[in-house]
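# Architecture and fold: a report
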Amino acid sequence: MSEIQLPKDFESQMRTLLGKQEFEDFKAAVNQAPRTSIRLNPAKPFSPNWPRTPIPWSEHGFFSRRATKFYP
């Protein structure tokens with residue numbers, strides 16, 4: 001995966017807001033591959049049969065431990 005090129009003005013603004021180290025952490029995070037996640041509707045019965053990890057900030061959200069295809 002190639003590095004995402006952020007607009008220079010955005011980089012400058014974020015570096016000012018976050019500071020040097022936190023900006024570098026932010027930039028590294030932006031360049032990581034996205035994780036597959038899903039939020040289950042608690043009003044609908046569903047028991048996923050794939051490996052998953054709870055998302056700390058989402059009561060009904062889960063990260064998939066593998067790339068999950070949700071469409072045909």
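See above for the structure.
Calculation criteria
- Residues numbered from 1 in each chain as written.
- Predicted model: local features only at pLDDT ≥ 70, side-chain atom pairs only at ≥ 80, totals over all residues.
- Heavy atoms only, no water.
- Helix = DSSP H or I, 4+ residues; strand = E, 2+ residues; numbered from the N terminus.
- Rg over C-alpha atoms; globule rule 2.2 N^0.38 Å.
- Buried < 20%, exposed > 50% of the residue type's maximum accessible area, 1.4 Å probe, protein only.
- Contact = heavy atoms within 4.5 Å.
- Lys, Arg positive; Asp, Glu negative; His and termini not counted.
- Charge placed at Lys NZ, Arg CZ, Asp CG, Glu CD.
- Phe/Tyr/Trp six-rings, centres within 6.5 Å; stacked < 30°, edge-to-face > 60°.
- Lys NZ or Arg CZ within 6 Å of the ring centre and 35° of its normal.
- Pairing = 2+ DSSP bridges.
- Axes fitted to C-alpha atoms, helices over the stretch in contact; angles between N-to-C directions.

Another point: the overall build of the protein. Looking only at helices and strands, one finds two helices and three strands in the protein. From first element to last, N terminus to C terminus, the protein shows the α and β order α-α-β-β-β. Taken over C-alpha atoms, the radius of gyration comes to 17 Å for the protein, far larger than the 11 Å a tight globule of 72 residues would show. Its C-alpha atoms give the protein principal-axis dimensions of about 45 × 25 × 15 Å. Counting across all 72 residues of the protein, residues that qualify as buried make up 22%. A separation of at least 24 residues holds for 34% of the contacts in the protein among residues at least 6 apart in sequence. Of the side-chain charges in the protein, 11 are positive and 7 negative, and the distance between the mean point of each set is 14 Å.

Aromatic ring pairs: the centre-centre distance and the angle between the two ring planes describe each pair. This model, assessed by the stated rule, comprises three aromatic pairs. Seen in terms of ring centroids, F23 and F26 are 6.3 Å apart; in terms of plane orientation they differ by 40 degrees. Their pairing is tilted. Here F23 and its partner F26 are both found in helix 2 (residues 20-30), three residues apart, which amounts to about one turn of the helix. Note on F23: relative accessible area 0%, which makes it buried. Consider the rings of W57 and F63, whose centres lie 6.1 Å apart with planes at 75 degrees: the pair is edge-to-face. With a relative accessible area of 13%, F63 lands in the buried category. An aromatic cluster of at least three residues, connected via ring pairs, comprises F10, F23 and F26. One cation-aromatic arrangement involves R35 over F63; the distance from NZ or CZ to the ring centre is 3.7 Å.

Reading across from one edge, 1-3-2 is the order of the three strands in this open sheet, with antiparallel pairing throughout. Strand pairing shows two members of the sheet lacking a second neighbour, strand 1 (37-39) and strand 2 (52-54), which therefore form its edges. Taken pair by pair, the neighbouring strands of this sheet meet at an average axis angle of 30 degrees, ignoring direction. Note that strand 1 and strand 3 (residues 61-64) share three bridges and pair antiparallel. Paired with R39 across the two strands is G61, which belongs to strand 3.

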